[in-house]
Amino acid sequence: METMKFVQLGFIIFLCKAFVCGFAEESSCTPGFESELLVFKVHRDHLHQGKRLGRVIFNTCDGRTRMLFQSSDKWFDVDTDGTVTLKRQVTLHEGHKVFSVHAWDSSGKKHTVSVRVERVHHHEDHHMDTVMNISSPQMESHSDDLILMFPKSSTGLKRAKRGWVIPPFRVLENSRGPFPIKLVQIKSDMSSEAQMQYKITGEGADLDPKGTFTIERLSGNLFVTRPLDRERKASYRLIAHATGVDVDVAEKPMEIIVNVLDQNDDYPVFTQNPFNGNVSEAAEIGHEFMTVTATDADDPNTDNGVISYSIVKQDPELPKPNMFEINSVTGGIRVNSVGLDKEKWSKYTLTVVATDMEGRGYSTTGTAVITVTDSNDNAPQFEQTSHTVSVPENKVGAVVAKLTVTDEDEEGSPAWSTKYRIISGDKGGFFNCQYWTQPARGHHHHCKASGL
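As the structure is a prediction and not an experimental result, all values here were calculated from the model. (Residues numbered from 1 in each chain as written. Predicted model: local features only at pLDDT ≥ 70, side-chain atom pairs only at ≥ 80, totals over all residues. Heavy atoms only, no water.)

1. Digging into the confidence of the model for the protein chain
Residues of the protein chain with pLDDT of at least 70 account for 71%, and the chain-wide mean is 77. This stretch, residues 122–144, has a pLDDT under 50; its non-local contacts, to residues over four places away or in other chains, come to 67 contacts. Of the regions scoring below 50 in pLDDT, residues 154–165 engages in 18 contacts with residues more than four places distant in sequence or in other chains. (pLDDT = per-residue confidence, 0-100. Contact = heavy atoms within 4.5 Å.)

2. A closer look at the packing of aromatic side chains
Two aromatic rings are characterised by how far apart their centres lie and by the angle between their planes. Taken as a whole, this structure holds 8 aromatic pairs when the rule is applied. Summarising the aromatic geometry, the rings of Tyr-267 and Tyr-362 are spaced 4.3 Å apart at their centres and angled 20° between planes, so their arrangement reads as stacked. You can see Tyr-267 sitting in the loop between strand 21 (254–261) and strand 22 (269–270) and its partner Tyr-362 sitting in the loop between helix 2 (356–359) and strand 30 (363–373), a full 95 residues away along the chain. Classification of Tyr-362 by relative accessible area gives partly exposed; the value is 32%. Between the aromatic rings of Phe-324 and Tyr-348, the centroid separation amounts to 5.2 Å while the plane-to-plane angle is 75°, which identifies the pairing as edge-to-face. In this pair, Phe-324 sits in strand 27 (residues 324–326) while Tyr-348 sits in strand 29 (residues 347–355), placing the two residues 24 residues apart along the sequence. One aromatic cluster is present, formed by Phe-33, Phe-58 and Phe-69 through successive ring pairs. The lysine or arginine in question, Arg-88, covers the ring of Trp-75, its NZ or CZ lying 4.8 Å from the ring centre. Over the face of the ring belonging to Tyr-236 we find Lys-233, whose NZ or CZ atom lies 5.3 Å from the ring centre. (Phe/Tyr/Trp six-rings, centres within 6.5 Å; stacked < 30°, edge-to-face > 60°. Helix = DSSP H or I, 4+ residues; strand = E, 2+ residues; numbered from the N terminus. Buried < 20%, exposed > 50% of the residue type's maximum accessible area, 1.4 Å probe, protein only. Lys NZ or Arg CZ within 6 Å of the ring centre and 35° of its normal.)

3. Comments concerning unusual backbone geometry
Cis geometry is adopted by the peptide bond preceding Pro-274, which originates at Asn-273 and carries an omega value of 5°. The residue Pro-274 is located in the loop between strand 22 and strand 23 (275–280) in this model. That bond from Asp-315 to Pro-316 is cis: its omega, 0°, falls within 30 degrees of zero. Along the chain, Pro-316 falls in the loop between strand 26 (308–315) and strand 27. In the Ramachandran plot, Met-357 falls in the positive-phi region, its phi being about 55° despite a non-glycine side chain.

What follows is the structure, given as structure tokens:
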């Protein structure tokens, strides 16, 4: 009986230990992403719709394997298991694209990971698409406000494989405030031993545009003081400094990059207006003969700066209203239908529209003037097909007849010039023809006797 009690007591103690250990482990877990920067490496510039790039890993500390994620870029979708896929085709215009993924833990705290989609050449990585996690030990978030810690100088500190990585801060341009807006708190771990003071230098601080960014001397809170304009300046390089107030200690200066996020606040602009081009009336369908171009000051790495072209009007609409078509991406104009006729319609005027956000944003209208060139599609015609004349004998050089010819091709062009020869009836070679022109009446030849 005593043995049984001992066994029961031991069992209870074992359960208590297991419960205490489990509670201790759970309480020491901190929810969050496994890294502050995730790099997806791909081997192509054009990424098709539905492509899976990889996964973002979030530790929930409660055993959940699925949760709600939010992408800052509308073309990237994040499933509840963290899988990142493309909602539509994306082009890496500069070989990379950066966006953020947000998640909220069970307490409602927001966590963010930076994601960089980067194109690499095949010789740089023998694998297909790969994923690289980069940790940023100097970035810690103990509250809803981000705290940026100076890198520790201890040799025992674990570092990322490629060195320290501080993901750039992103600030949306044209913000309405209210200003100042807090970006981050700069903090030195020396502050636990001595009072520290902070300052920033660099672009937008003590360099033009001065005063755009400020920092509170003792708290280290970094602010942006005014709306930013990405088209005027797309990024800022700041240097953060921390020194002791009453003691002679100092942190090694730390670089902070602030990238300005684009808004679609610029219209496309045609590089010229009108555009002028020439096309032969004999050109085949699909022949591209001219290009219209437009620029957009918005970010070319976003849809805000991606332009789509379209033709909205053709004048005249003959013989068909769609004689030409335009490449929506390149602006190249090509022949779309047969029926070009220089003699009937020598010139076309196209109204072309350039629209940003790949055809869903702001639009600008331009003009393309197309001149149809001759292709010698008309044969010369004699105004009179038969002449009855007489010529004196032995009268060398006498004019026998004047032959008038017309040609519907463009006057003065190679297709309009005509050569003449006698093909029959003059075996002895007694006659020849001398060419001359009279524009009002067409081509003329004097046929003369050369010897009888």
